[in-house]
Amino acid sequence: MESLISCRTRPIFFLFFNLYFLSLLFTAITAIQNPSSSSSSIISRFQEYLRINTAQPNPNYYVAADFILSQAKSLSLESQTIEFVKNKPLILIKWPGKNPNLPSVLLNSHTDVVPVESQKWIHDPFGAHIDSQGNIYARGSQDMKCVGLQYLEAIRKLKDSGFEPTRTIYLSFVPDEEIGGHDGVEKLAESDVYKKMNVAFVLDEGLASPGEKYRAFYAERSPMWTVIKATGAPGHGAKLYDNTAMENLLKSIEIIRRFRASQFDMVKAGLKAEGEVVSVNMVFLKAGTQTPTGFVMNLQPSEAEAGFDIRVPPTADQEALLKRIAEEWAPASRNMTFEYGQFKQKQSVLDNFGNPALTAADNSNPWWVLLEEAVRSAGAQLEKPEIFPASTDCRYFRRQGLPAIGFSPMANTPILLHDHNEFLNQAEYLKGVDIYVSIIKAYASYDEHAEATKESSSRDEL
Ligand SMILES: [Zn+2]
Ligand SMILES: [Zn+2]
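Residues numbered from 1 in each chain as written. Chains lettered and ligands numbered in written order. Predicted model: local features only at pLDDT ≥ 70, side-chain atom pairs only at ≥ 80, totals over all residues. Heavy atoms only, no water.

Okay, the overall build of the chain next. Each helix and strand in the chain was counted, giving 14 helices and 19 strands. Each of the 462 residues in the chain was classed as buried or not, and the buried ones make up 48%. For the chain, the share of sequence-separated contacts (at least 6 apart) that also reach a separation of at least 24 residues comes to 80%. (Helix = DSSP H or I, 4+ residues; strand = E, 2+ residues; numbered from the N terminus. Buried < 20%, exposed > 50% of the residue type's maximum accessible area, 1.4 Å probe, protein only. Contact = heavy atoms within 4.5 Å.)

Once that is clear, we can look at the coordination of the zinc ion (ligand 1). Around the zinc ion (ligand 1), the protein contributes the donor atoms His-110 (NE2), Asp-143 (OD), Glu-205 (OE) and Glu-205 (OE), which lie 1.9 to 2.6 Å from the metal centre. In this structure, the zinc ion (ligand 1) is surrounded by four donor atoms whose angles at the metal cover 54 to 150°, and the resulting shape is irregular. Donor residues for the zinc ion (ligand 1), ordered by position in the chain, follow H-x32-D-x61-E. (Donors = N, O, S within 2.8 Å, 3.2 Å for Na, K, Ca; no water. Tetrahedral: all angles 85-135°; square planar, octahedral: opposite > 155°, others 65-115°.)

Spatially, eight strands are ordered β1-β2-β6-β3-β7-β18-β8-β17 in an open sheet, and the strand pairing comes out mixed. The open sheet has two free edges, formed respectively by β1 (78-82) and β17 (386-388), since each of these has just one partner strand. Strand after strand, the sheet turns through a mean of 30° between neighbouring axes, direction not considered. Against the sheet, helix α4 (residues 61-74) contacts β1, β2 (90-95) and β6 (169-174), and its axis sits at roughly 10° relative to β2. Packing of helix α5 (residues 145-160) onto the sheet brings it into contact with β2, β3 (104-110), β6, β7 (199-204) and β18 (404-407), and relative to β6 it is tilted by some 150°. (Pairing = 2+ DSSP bridges. Axes fitted to C-alpha atoms, helices over the stretch in contact; angles between N-to-C directions.)

To continue, consider the coordination of the zinc ion (ligand 2). Only Asp-143 (OD), Glu-178 (OE), Glu-178 (OE) and His-418 (NE2) from the protein reach the zinc ion (ligand 2) as donors, at distances of 1.9 to 2.7 Å. Coordination at the zinc ion (ligand 2) comes from four donor atoms whose angles at the metal span 53 to 147°, giving a geometry best classed as irregular. Sequence positions of the donors to the zinc ion (ligand 2) reduce to the motif D-x34-E-x239-H. Taken as a pair, the zinc ion (ligand 2) and the zinc ion (ligand 1) show a spacing of 3.4 Å, with Asp-143 coordinating each metal. On the criterion of sequence distance, the pair formed by Glu-178 in the loop between β6 and α6 (185-190) and His-418 in the loop between β18 and β19 (423-425) is long-range, its members being 240 residues apart. Looking at Glu-178, the relative accessible area reads 14%, which means it is buried. Overall, the relative accessible area of 45% leaves His-418 in the partly exposed class.

On to the pairing of strand β15 (residues 303-312). Burial analysis of β15 places nine of its ten residues in the buried class, the great majority of the element. Sheet analysis places strand β9 (residues 222-231) next to β15, joined by ten bridges and oriented antiparallel. For Ala-230, the partnering residue across the bridge sits in β15 and is Ala-304. Two strands pair when backbone bridges link them, and strand β11 (residues 279-287) and β15 are joined in this way by eight bridges, in the antiparallel orientation.

Our next topic: the UniProt feature "binding site: Zn(2+) 1" (unreviewed entry) in the chain. According to UniProt, the positions carrying the feature "binding site: Zn(2+) 1" (unreviewed entry) are His-110, Asp-143 and Glu-205. A maximum C-alpha distance of 8.8 Å among these annotated residues, which run over 96 residues, shows that they cluster at one spot. Tracing the backbone shows His-110 in strand β3. Residue classification places His-110 among the buried residues on the basis of a relative accessible area of 0%. Aside from chain neighbours lying at most four places away, what touches His-110 is Tyr-49, Asp-143, Met-144, Val-174, Glu-177, Glu-178, Glu-205 and Asp-393. A polar atom in the side chain of His-110 sits 3.1 Å from the side chain of Asp-143. For Asp-143, the position within the fold is in the loop between β5 (135-137) and α5. Not counting the four nearest positions on each side in its chain, Asp-143 is found in contact with His-110, Val-113, Glu-178, Glu-205, Leu-417, His-418 and Glu-422. (UniProt positions renumbered as here; feature names shortened; annotations may be inferred. Polar contact = N/O pair within 3.5 Å; in protein donor to acceptor, adjacent residues only side chain to side chain.)

Now the structure itself:
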């Protein structure tokens, strides 16, 4: 009794000091009991994933799948491997919620990465070297092996803390995003497995942010990979004449470049964001007559073609763009034809982006509100939501009318996806794990029925 009284009379900061001390002790004990949750083991696992070469066009999918499955197993999570297409395993992981009637949340990430030019990197792109500043160099460190593993690390932390989800959380590790997602997410989104998952909301990849705040994406531009081809009379390399394939193609390239500049100028002038204009970039040029000893120099070829990566914002006039391509960029009058690399026919191009899918990023969307709050409560902030300038697997979910947000927690980081020397700082990676702890906790605890009951009873009280 006496000691209780004296305890009460102690200044309040002693109490806080004791609590602080106890929490430190608890953290230390947890770290000793769970060495797998220490920062160094979190980083080692990230390095291990990065070292698996899953670059297109020959990704080591099975090695990646084994690694992901072993992670799921170490977390006692349910998992399954699905091959919608042979040799392209997709891993589905389930963290069952206490209330299986609630729709689930899907955390998606792709396991493939884009190819590298190794000799142009300062460190081996599959070495996951950590430099003196803590930057981890690897293809996929930003796009998007970081995110896939951060989801799992966050779940590890939540499980360690004794947290149990109310709502089921699914994780999908999918193949082939970098080549269009047709044998990956597209098949998943059409499957019975997926229907049974009863997904209400999807989180997928975003972009690094050079500033302090994280970026989030509520829509994205649609890819329209287009090849234009010119034909013309072949002839002597010394002859000047009209209508050669090269001349026909070059005229188109000039017109396309002017259009590109008009779009880029709006971004440069600050009138539009990157995701709000049409981007057109020439990605290959193919022409000339080749022999084993090189190109023939005195022969003007009869065919020439160029490939363009075109990205179309959901707000753009798509019909007008298709018309522009047919009439100005590849007109039959200039002996030109065009083909949409990914889709072959005009109809399917329109299918792919004819129904602009935007996810509400305001108070009307509880998943958006939860995301904002969760990021804030983890001590970080979000930039104003944007249109993703490239493309992600999100489009297959949004197309079904599902809300999906693109988000990769990388602040203070240069945007290096698809670039040489892609890296992510280890401190940023660890911070990202904690951001996901906050987000997954919020999503897994969210119960719209309970919220509705709470609201109506508070209305009744009024
Ligand atoms: Zn990606
Ligand atoms: Zn990518």
